Amino acid sequence: EKGTGGFNYYQSNSDSDFLPNLNQAINDGFKTIFGIGFKLQPAIEEIADYKKDNNFVIIDSVVEGKDNVASVVFKDNEAAYLAGIAAAKSTQTKKVGFVGGQEGEVIGRFEAGFKAGVESVDPSIQIDSQYAGSFGDAAKGKSIAAAMYKSGVDIIFHASGDTGNGVFSEARDIMKTNPENKVWVIGVDRDQEEEGKYDGGNVTLTSTLKGVGAAVKDISTKANEDKFPGGEVLTYGLKDGGVDLTAGQLSEEAQKAVDTAKEEVIAGSVEVPEKP
């Protein structure tokens, strides 16, 4: 049950909240503590050194050489590869866009996979790739999307957290005022169909999925059985059901291409790059 003795959530509104929240979780009696997002890595590295009796998990980053820290990474590039194929099979203008939050290893995987997917279908498709410099700047996301759509891009894949809300907002505005110029957004980390809804339709083409919940459940169960995978790096990809792509509003042809590519990646006949 939620609360002391069960489980609890600690919301960080800024980076300065990370260490106080980790300490609060420990003081509240929790043994296994998850840091969701690569930005928590420094705080977890620091606290793990003097709280040896606690288990820590970093999601989307790697902490090395600490027996009380497990690291979880996802093959985001594999899900993004499928998104690239979906975009290439759906674009009418032969121009697609990628909007990233902050540059770094994690978002680099999304960009690399997306580009590889697009190019595997049609190398002549133009890819406009831009970074907002923030995961929480919807206004910046909206202005980048506006410029991209104006330049002829008709599908944008965002990997930018709340900045992506601005991408959705711009796409919805275009479809409300100029519905004959069809534009799409590809969502990230969860099914973002809800974000795409507007009166008369939906701008969400599909979304990449990241199984953070499945990873948390898996490691929590292991910890509960005294089998916490401390010091290990656990990787979840298409093969493990750790990442995927929603069916969304893909055409039959696009879905077929995505399914084929998924089988190829799982079989190992296609290796998706991790760096753009």
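Residues numbered from 1 in each chain as written. Predicted model: local features only at pLDDT ≥ 70, side-chain atom pairs only at ≥ 80, totals over all residues. Heavy atoms only, no water.

Colleague: Lay out the overall build of the protein chain in plain terms, naming residues and giving numbers.
Modeller: Each helix and strand in the protein chain was counted, giving eight helices and 12 strands. For 276 residues, the compact-globule estimate of 2.2 N^0.38 gives 19 Å, and the protein chain sits close to it at 20 Å. Taking the principal axes of the C-alpha coordinates as reference, the protein chain spans close to 60 × 40 × 30 Å. In the protein chain, which comprises 276 residues, the share counted as buried stands at 48%. Looking at the protein chain alone, contacts between residues at least 24 apart form 64% of all its contacts between residues at least 6 apart. (Helix = DSSP H or I, 4+ residues; strand = E, 2+ residues; numbered from the N terminus. Rg over C-alpha atoms; globule rule 2.2 N^0.38 Å. Buried < 20%, exposed > 50% of the residue type's maximum accessible area, 1.4 Å probe, protein only. Contact = heavy atoms within 4.5 Å.)

Colleague: So what about the packing of helix α1 (residues 18-27) against helix α2 (residues 41-50)? Which residues, and what values?
Modeller: One can describe the packing of α1 onto α2 by two numbers: an axis separation of 9 Å at closest approach and a directional angle of 40°. By the angle between their directions, the pair α1 and α2 is classed as oblique. As α1 runs across α2, the sense of the crossing is right-handed. Counting all contacts with α1, which are made through Phe 18, Leu 19, Leu 22, Asn 23 and Ile 26, the residues of α2 involved are Ala 43, Ile 44, Glu 46, Ile 47 and Tyr 50. Residues belonging to the contact of α1 with α2 are distributed by class as follows: eight nonpolar, one polar and one charged. (Axes fitted to C-alpha atoms, helices over the stretch in contact; angles between N-to-C directions. Parallel < 35°, antiparallel > 145°, perpendicular 65-115°, else oblique. Left-handed = near helix turned anticlockwise from the far one by under 90°. Nonpolar A, V, L, I, M, F, W, Y, C, P; charged D, E, K, R; others polar.)

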